[in-house]
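# Working through the structure, step by step
Here are the chains, one letter per residue:
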Amino acid sequence: METHSGDEVTRLTQAINDSMDSLEDKVAQVLFERYRRAFTVCRTITSPGLDEITQYWCPEDDPTLVFSAQVRKGPVVRDDYVARLRAREFEQSLVASLEALGCDSAANAVLPRCDTTGDDPSTTLSQLLGREGSIGMLVRVALRAPVPDPDGVAQALCDAGLACGASVVFNGYVLGDEGFEACRRQFMAVPSTSHDIITAFDPVAQFELVTENGACDVVSQQGIAMTGGEKHAE
């Protein structure tokens, strides 16, 4: 194994840092030219052997709006900024509806296969969901235990999903105080969160609700009793 002196390691480390700083500056410029908004990088993920890296970015004036960018040499940058804009609005509206029911909640909405690189920021959620190739939206919902009105929660999710006019799958998790706060922090830190990460926070109940073709059904539930079948758009 080749060894390096302390000075060589320092120089190598500095060169790598300088290279990353230069890349981040270039990507920030690309994003600014697309959306006329200043952004800052939150996190960079590299994978050995791949010529693409993933970066998480947010607007300088809104650190809670985290979106992803796939970056290749050039740099060639593909991003989901506009998708995250619309998804975050959906999340905020849903949380407000659940708050009106007395539920403390957090939400993370994702539009799979929805490339919005360079899209006009005024593009609506309905327009994005109506695009050819769209498969709908996945929404993970965290609820702080106890849930005072499970049927009301089901109705709120049903109404929100049907209003989209597209397939929406809601994965719900009821968590104790510590798990809920950890899940809410996770939702704020990354654009999407996996089922495995949320279940690591030890939910006390889970459910899945689907809205599609003007109908809504609770297709599974564990540790919580809610009705959701036979709800249909008027």
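Everything quoted here is computed from the prediction, not taken from an experiment.

Here the focus is the pattern of salt bridges. In total, this model carries 14 salt bridges according to the counting rule given. Arg-88 is paired through a salt bridge with Asp-62; the nearest N and O atoms lie 2.5 Å apart. Here the residue Arg-88 occupies a position in helix H2 (residues 81–99), and Asp-62 occupies one in the loop between strand E2 (52–59) and strand E3 (67–72), the gap between them amounting to 26 residues. In this structure Asp-62 comes out as buried when scored by relative accessible area, which is 15%. Between Asp-104 and Arg-184 there is a salt bridge, with its nearest N and O atoms 3.5 Å apart. Highlighted residues: Asp-104 in the loop between H2 and strand E5 (105–110) and Arg-184 in helix H5 (residues 177–189), separated in sequence by 80 residues.

An α-helical turn contains 3.6 residues, so a residue and the one three or four places further along point in the same direction. In a regular helix each residue adds 1.5 Å, so 19 residues correspond to 27 Å; H2 covers 27 Å between its end C-alpha atoms and thus fits that length. Those residues of H2 not exposed but buried are Tyr-81, Val-82, Ala-83, Arg-84, Leu-85, Arg-86, Ala-87, Arg-88, Phe-90, Glu-91, Leu-94 and Leu-98.

Note that Phe-207 resides in strand E8 (residues 205–212). Given a relative accessible area of 3%, Phe-207 falls into the buried group. When the C-alpha atoms of Phe-207 and Ala-225 are compared, they prove to be 9.2 Å apart, with 18 residues separating the residues in sequence. Ignoring anything within four residues of it in the chain, the contact list for Phe-207 reads Leu-143, Val-153, Leu-157, Phe-170, Asn-171, Gly-172, Tyr-173, Ser-220, Gln-221, Ile-224 and Met-226.

The strand order across the open sheet formed by 4 strands is E1-E2-E3-E4, and the pairing between neighbours is antiparallel. In this open sheet, the two strands that pair with only one neighbour each are strand E1 (39–45) and strand E4 (76–79). Here the strands of the sheet are splayed against their neighbours by 30 degrees on average, with no regard to which way each runs. Strand direction decides the pairing type here: E3 and E4, joined by 4 bridges, are antiparallel. Bridging across to E4, Val-71 finds its partner in Val-77.

Helix length check: H5, at 13 residues, gives a terminal C-alpha distance of 19 Å against a target of 18 Å (1.5 Å per residue), a fit within 8%. Considering only its buried residues, H5 is in contact with E5, strand E6 (137–144), strand E7 (168–175) and helix H6 (195–199).

It is worth spelling out the pairing of strand E9 (residues 215–222) at this point. In this structure, E8 lies alongside E9, joined through 7 bridges in antiparallel fashion. When the bridges of E9 are listed, Val-210 appears paired with Asp-217. Where E8 folds back on E9, the antiparallel hairpin that results is connected by 2 residues, among which Asn-213 adopts a positive phi of roughly 55 degrees.

For the structure on display, the rule yields 6 aromatic pairs. Taken together, the aromatic side chains of Tyr-35, Phe-39, Phe-67 and Tyr-81 make up a single cluster linked through ring pairs.

Let us now look at the environment of Cys-164. Counting through the fold element by element, Cys-164 comes out in helix H4 (residues 150–164). Considering only alpha carbons, one finds Cys-164 and Gly-136, 28 residues apart in sequence, at a separation of 9.1 Å. Excluding its chain neighbours within four sequence positions, the residues that come into contact with Cys-164 are Phe-90, Leu-125, Ser-126, Leu-129 and Met-137.

Before going further, it helps to examine unusual backbone geometry. With the exception of glycine, the majority of residues adopt a negative phi angle, and the majority of peptide bonds are in the trans configuration. Of note, the amide linkage connecting Gly-74 to Pro-75 takes the cis form, showing an omega dihedral of -5 degrees. Mapping Pro-75 onto the fold places it in the loop between E3 and E4. In this structure, Pro-146 follows Ala-145 across a cis peptide bond, with omega equal to 0 degrees. Looking at the element boundaries, Pro-146 is found in the loop between E6 and H4. For Asp-202, which is not a glycine, the phi torsion comes out positive at approximately 60 degrees. Take Asp-202: it is sitting in the loop between H6 and E8.

Procedures and definitions
Residues numbered from 1 in each chain as written. Predicted model: local features only at pLDDT ≥ 70, side-chain atom pairs only at ≥ 80, totals over all residues. Heavy atoms only, no water. Salt bridge = Lys/Arg side-chain N within 4 Å of Asp/Glu carboxyl O. Helix = DSSP H or I, 4+ residues; strand = E, 2+ residues; numbered from the N terminus. Buried < 20%, exposed > 50% of the residue type's maximum accessible area, 1.4 Å probe, protein only. Expected span 1.5 Å × (residues − 1). Contact = heavy atoms within 4.5 Å. Pairing = 2+ DSSP bridges. Axes fitted to C-alpha atoms, helices over the stretch in contact; angles between N-to-C directions. Phe/Tyr/Trp six-rings, centres within 6.5 Å; stacked < 30°, edge-to-face > 60°.

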